[in-house]
Amino acid sequence: MEPILELRALVKHFPNQRAVDGISLTIPRGGFYSLLGPSGCGKTTTLRLIAGFEQPTSGDVLLDGVVVNEQRPYQRNVSTVFQNYALFPHLTAAENIAFGLKRKNQPDIARRVREALELVRLTGKESRYPAQLSGGERQRVALARSLVLQPDVLLLDEPLAALDPKLRKQMRLELKEMQRRVGITFLLVTHDQEEALSMSDQLAVMNAGAIEQVGTPQDVYLRPSTRFVAGFLGAVNWIDGVGLRPEVTRISRTLPTNGARFRPATVTGSVFLGNCVHVLARLESGEDAVAEIPRSNGTYHSGEAIHVCWNPSDEMIFP
Amino acid sequence: MKRGLGLYAVAVYAFLHVPVVILALFSFNASRFTVWQGFSLGWYRAIFQNRQLMESTWNSVIIAVVATILSTIAGTLCAYGLWKRGSALLSGSLYLSLVTPEIVMGISLLALFQWSFRWLQWRLGLHTVILAHVAFSIAYVVIVIAARLRTFSPSLEEAALDLGATEWQAFRYVTLPALLPGIIAAALLALTVSFDDYVITSMVAGVDSETLPMVIYAMARRGASPVINAISALIVVVFGTLVLISERVQKS
Amino acid sequence: MRTLSGWERLRAWFLLPAWIWMAVLFAAPFAIVVCYSLLTRGAYGGLGLPWTLENYQRLIDPLYLVIVLKSFLMAAETTVICLLLGFPLALFISRAGSRKNIYLQLVILPFWTSFLVRIYAWLFLLRDTGLINTALQHLRLIHDPLPLLYNDGAVLLGLVYGYLPFMVLPVYATLERLDPALVEAAADLGAKPWPTLWHVILPLSAPGIRAGSILVFIPALGAYLTPDLLGGGRTVLIGNLVQNQFTTARDWPFGAAISVGLMALVGLLVLLMLRREREGLV
């Protein structure tokens, strides 16, 4: 079976910027994928190239095995959920959802709109205008509007950025559940690594217009292939050129005896985070490290002499 | 400073509005002299009995409506096109047409029409006035619509394309409805500017296409008459109402 | 090679009416006027050959230079007075809080009301048998009517009256966008209201003042109706001169030359202002 979406050596140059600098990516059918990266890395541009709002400088976009470079957005079977939702203010929720169906002259519009509203749990709000809906409700209308067209791929541009933190966590689960239910391939673009890790089956980490690593959340977090990926996916302690996550970095007052590696250090501070404690230490070699330890391990005071230790198997090594 | 500024504002507003208010008040004066001699609606009755006034008003209405329709359509499409991608030449021409002194516009259009008489079988008349009015009112429409477009998010049109609409359909079903209040406001503005014009109209009007401003001007030139007061009061009320409507519409 | 995008095609069609307007109703008339300015006055007031620059040479005649200078002076006076009167009003509106809209409407309203009516209102007030004279005579403050009308002062009054809104609106727009924090910072640093106005608010409203000045100066320069009705033919400005050539004097080529000169001036002023704006002062 062909991948539903394929990018081949995709390049997009703007007059003063090389937004996308040679990207190749294959996305199989059905599943939740993410493009993760800092602002300016080209992830949104990539999304727009797939949707058809930009034309590639070189390279190809293939949907279902067909090169679609020349196709306008309305000719491609992908749909986008915009960051600001882009709901039509002069139409009700139901009319927004029906918009695409009407343009393509599809039959049975009323029933499909009803089903879409049920899918996003907005039944009863179909006659409301966007201005009368909450942020979360507007997002669901945007989702329904795109999903009702049954696109090959659903593109989501930072869909959770505009929501408040509590709602965001809830929506992550809902989106993941929705994707499972409808079976359509979701491609999400975000700068929030927690979002990407928690929702994706696979994700691609982007930086400065190029892909640094593709893999499962476990792959990119535990076995990052570059320093950038390591640093972007979470905090890193750099000791002797080796990377260590704070949660595998431990503090000990005595020398470890179980084969762990260690370095002498001085405690420079301690931060209580509620669910754990971060102990900040400066190694004799001058590097700073943060160790994430459980509350129960006792308190460490500034100036204390301790050892920073870790298991060799937790090391992240880069060429 | 605030109280001083407030008093000052009252004075300036008085300067701006009192003359016309007085004019309107004296339209109800029974006598034709500037001494109040009792309330009367006689001058208003005189308006409707004056054939020239009635005909010229009708001409003004026809010209204004036709010119407004043409310039609103052309101006709206132009503002939208320029919003997609600007054109220094077109924008510059529109701005220039706004600041060009009316007399210069008037004689230029007259020169154009005179020159065209050689090739086309027509003379000065309602049609030349209508064309002239379209000429100077397009810029007003473009300004109003352009201002409205500045607050319109391009992502709405992108969403429309994304959902299967062609570029034309995106304009028709998404952008145009959003622009409607602005289009109405622009049309009302064009209507007012057209109805009120004297200078350009007087240069390109034919013998049988007199407009209301032209008649008022002639009457004012001959000497004052309370009939002008009455007409003025009516014009102020009608135009004032149009302004209010326009503001209401723009707020939606 | 990319084909023309869907938007480009739509845009091309949409701009077509405007391009036609530009060519037929804007560029062509001016081109014809330029041609006229280079021709000679015909025997019966029409046009005729030969081609000549004589009309432009006549512009330098002191008789006409006086008129040009006078128009300049009047336009400048109008602009300055409008600025002095209009700036405080714009300031007032920008500080009016929730009532801003109503006050703005009161400024815009005259603009919508018929220009002719507004000038006539002053005729009604200033005539020998007008309201002011009648009232003063009634109160026995004067015996003979004052000659308030048909002079330069009346024209200046009419010009200021007519163009004041054009100064207030752009200045207000700039003041509105002024960051209130700047005024607060000035106060915080010890500046009282008047110095704040002079050193902080005024310089920052320069773009609005420039825009308003252009919107007043140029129409005032080419004013026709106001000097015609309120000046009674005694105040002859460029606008009246042009109109005269096209009607009574029937000297179209000369009238055309004056118009071209006026437009050249207008074009220069507009260019100067646009260049200023592009220097990032807006």
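The rules behind the values
Residues numbered from 1 in each chain as written. Chains lettered and ligands numbered in written order. Predicted model: local features only at pLDDT ≥ 70, side-chain atom pairs only at ≥ 80, totals over all residues. Helix = DSSP H or I, 4+ residues; strand = E, 2+ residues; numbered from the N terminus. Buried ≥ 20, exposed ≤ 12 C-beta atoms within 10 Å, placed from the backbone. Contact = placed C-beta atoms within 7 Å. Rg over C-alpha atoms; globule rule 2.2 N^0.38 Å. Nonpolar A, V, L, I, M, F, W, Y, C, P; charged D, E, K, R; others polar. Pairing = 2+ DSSP bridges. Axes fitted to C-alpha atoms, helices over the stretch in contact; angles between N-to-C directions. Domains from an automatic or database assignment. Expected span 1.5 Å × (residues − 1). Bend = angle between axes of the 7 residues up to and from the residue. pLDDT = per-residue confidence, 0-100. Parallel < 35°, antiparallel > 145°, perpendicular 65-115°, else oblique. Left-handed = near helix turned anticlockwise from the far one by under 90°.

**Comments concerning the overall build of chain B**
Logical step 1: Along the backbone of chain B there are 11 helices and 0 strands.
Logical step 2: The order of helices and strands in chain B, counted from the N terminus, is α-α-α-α-α-α-α-α-α-α-α.
Logical step 3: Projected onto the principal axes, the alpha-carbon positions of chain B cover approximately 70 × 65 × 35 Å.
Logical step 4: Expressed as a percentage of its 252 residues, the buried residues of chain B come to 48%.
Logical step 5: Long-range contacts, defined as pairs at least 24 residues apart, comprise 77% of the intrachain contacts of chain B with a sequence gap of at least 6.

**A closer look at the overall build of chain C**
Logical step 1: When helices and strands are counted, chain C shows 13 helices and 2 strands.
Logical step 2: A compact globule built from 282 residues would reach a C-alpha radius of gyration of about 19 Å, whereas chain C, at 24 Å, exceeds it by more than 25%.
Logical step 3: Considering only C-alpha atoms, chain C reaches an extent of 85 × 75 × 35 Å along its principal axes.
Logical step 4: A buried classification covers 42% of the 282 residues belonging to chain C.

**Remarks on the interface of chain C and chain B**
Many analyses report the size of an interface as the accessible area lost when the parts associate.
Logical step 1: Between chain C and chain B, the contact holds 64 residues from the first and 63 residues from the second.
Logical step 2: Broken down by element, the residue count for the side of chain C that touches chain B peaks at 18 residues, all from helix α1 (residues 6-37) of chain C.
Logical step 3: Its residues placed into classes, the side of chain C that touches chain B shows 49 nonpolar, 12 polar and 3 charged.

**Let's talk about the sheet that holds strand β7 (residues 153-157) of chain A**
Residue and element names in this part refer to chain A.
Logical step 1: Taken together, the 6 strands give an open sheet; going across it, the order is β6-β7-β8-β3-β9-β10, and neighbouring strands pair in mixed fashion. Two strands bound the open sheet, and with one partner strand each, they are β6 (78-81) and β10 (210-215). Pairs of neighbouring strands in the sheet enclose a mean axial angle of 20°, with direction left out of account.
Logical step 2: Two elements, strand β3 (residues 32-36) and strand β9 (residues 202-207), share 4 bridges in a ladder whose sense is parallel. From the neighbouring strand, Tyr33 faces β9, where its bridge partner is Gln202.
Logical step 3: Along the sheet, helix α4 (residues 135-147) contacts β6 and β7; its crossing angle with β6, the most-contacted strand, is approximately 175°.

**Side note on the domain arrangement of chain B**
All names here are of chain B.
Logical step 1: Domain parsing of chain B yields domain 1 (1-40) and domain 2 (51-251).
Logical step 2: Between domain 1 and domain 2, the C-alpha centre-to-centre distance is 30 Å.
Logical step 3: On the side of domain 2, 6 residues touch domain 1, which itself brings 7 residues to the contact.

**Observations regarding the sheet that holds strand β13 (residues 250-252) of chain A**
Residue and element names in this part refer to chain A.
Logical step 1: Read from one edge of the open sheet, 5 strands run β13-β17-β14-β15-β16, paired in antiparallel fashion. The sheet is open, and its two edges are formed by β13 and β16 (288-293), each paired on a single side. Neighbour-to-neighbour, the strand axes of the sheet open up by a mean angle of 45°, direction not taken into account.
Logical step 2: As paired strands, strand β14 (residues 261-272) and strand β15 (residues 277-283) are joined by 7 bridges and run antiparallel to one another. Bridged to Thr266 within β15 is Arg282.

**Let's talk about the pairing of β7 of chain A**
Residue and element names in this part refer to chain A.
Logical step 1: A large share of β7 lies buried, amounting to 5 of its 5 residues.
Logical step 2: By the alternation rule, side chains of β7 split into Val153, Leu155 and Asp157 and Leu154 and Leu156, which are all buried.
Logical step 3: Relative to β7, β6 runs parallel, the two sharing 4 bridges. In the strand pairing of β7, Thr80 is matched with Leu155.
Logical step 4: Bridge count between β7 and strand β8 (residues 185-190): 5 bridges; the pairing is parallel. Paired with Leu154 across the strands is Phe186, a residue of β8.

**What to know about helix α1 (residues 2-25) of chain B**
Residues and elements named next belong to chain B.
Logical step 1: A rise of 1.5 Å per residue sets the reference length of α1, with its 24 residues, at 34 Å; its end C-alpha atoms lie 32 Å apart and thus fit the reference within 8%.
Logical step 2: Of all the bends in α1, the largest measures some 40° and sits at His17, one to four residues before the proline Pro19.
Logical step 3: Within the span of α1, buried status applies to Leu16, Pro19, Val20 and Leu23.

**Topic: the confidence of the model for chain C**
Residue and element names in this part refer to chain C.
Logical step 1: When pLDDT is averaged along chain C, the result is 88; 96% of the residues meet or exceed 70.
Logical step 2: Looking across chain C, the model is least confident in strand β2 (residues 47-48), with a mean pLDDT of 80, and most confident in α1, with 95.
Logical step 3: What the predictor reports for the complex is a pTM of 0.88 with an ipTM of 0.89.

**Looking at the interface of chain B and chain A**
Logical step 1: At the interface, 14 residues of chain B touch 18 residues of chain A.
Logical step 2: Among the elements of the structure, α7 (154-162) and α8 (167-196) of chain B are those that each provide at least two residues to the side of chain B that touches chain A.
Logical step 3: Counting residues per element, the side of chain B that touches chain A draws most heavily on α7 of chain B, which supplies 6 residues.
Logical step 4: Residue composition of the side of chain B that touches chain A, grouped by class: 8 nonpolar, 4 polar and 2 charged.

**Concerning helix α7 (residues 152-176) of chain C**
Logical step 1: The end-to-end C-alpha distance of α7 of chain C, which contains 25 residues, comes to 35 Å, matching closely the 36 Å that a straight helix rising 1.5 Å per residue would cover.
Logical step 2: The buried fraction of α7 of chain C is high, at 20 of 25 residues.

**As for the environment of Glu54 of chain A**
Residue and element names in this part refer to chain A.
Logical step 1: Here Glu54 is to be found in the loop between α1 (43-51) and β4 (58-63).
Logical step 2: Residue Glu54 is classed as partly exposed on the basis of its 17 C-beta neighbours within 10 Å.
Logical step 3: A sequence separation of 42 residues divides Glu54 from Lys12, and the C-alpha atoms of the two residues are 8.5 Å apart.
Logical step 4: For Glu54, the residues in contact, after removing those within four places along its chain, are Lys12, Thr45, Arg48 and Leu49.

**Concerning the packing of helix α5 (residues 102-116) of chain B against helix α12 (residues 238-246) of chain C**
Logical step 1: In the contact formed by α5 of chain B and α12 of chain C, the axes pass within 10 Å of each other and the chain directions differ by 20°. Judged by the inter-axis angle, α5 of chain B sits roughly parallel to α12 of chain C. The way α5 of chain B lies across α12 of chain C gives a crossing that is left-handed. Taking contact as the criterion, the partners of Ile103, Ile107 and Leu110 of chain B in α5 of chain B are, on α12 of chain C, Gly239, Val242, Gln243 and Phe246 of chain C.
Logical step 2: The residue inventory of the contact of α5 of chain B with α12 of chain C, partitioned by class, reads 5 nonpolar, 2 polar and no charged.

**Side note on unusual backbone geometry**
All names here are of chain A.
Logical step 1: Phi is positive for Glu158, which is not a glycine, with a value near 45°.
Logical step 2: Assignment of secondary structure puts Glu158 in the loop between β7 and α5 (165-182).
Logical step 3: Residue Glu158 is classed as buried on the basis of its 20 C-beta neighbours within 10 Å.
Logical step 4: Non-glycine residue Asp240 carries a positive phi angle of around 55°.
Logical step 5: Along the chain, Asp240 falls in the loop between β11 (237-239) and β12 (242-244).

**Thoughts on the pairing of β9 of chain A**
Residues in a regular strand point their side chains to alternate faces of the sheet.
All names here are of chain A.
Logical step 1: Judged from the 5 bridges that link them, β9 and β10 form a sheet pairing that is antiparallel. Bridging from a neighbouring strand, Leu203 pairs with Gly215 of β10.
Logical step 2: Between β9 and β10, which pair antiparallel in sequence order, lie 2 residues; one of them, Ala208, sits at a positive phi of approximately 50°.

**Points about the packing of α7 of chain C against helix α10 (residues 206-221) of chain C**
Residues and elements named next belong to chain C.
Logical step 1: Close contact between α7 and α10 brings their axes to 7 Å; oriented N to C, the two are set at 160°. Relative to α10, the element α7 lies roughly antiparallel. Two packed elements cross with a definite hand, and for α7 against α10 that hand is right-handed. Only Pro207, Gly208, Ile209, Ala211, Gly212, Leu215, Val216, Pro219 and Ala220 of α10 make contact with α7, whose side of the interface consists of Leu159, Tyr163, Phe166, Met167, Pro170, Val171, Ala173, Thr174 and Leu175.

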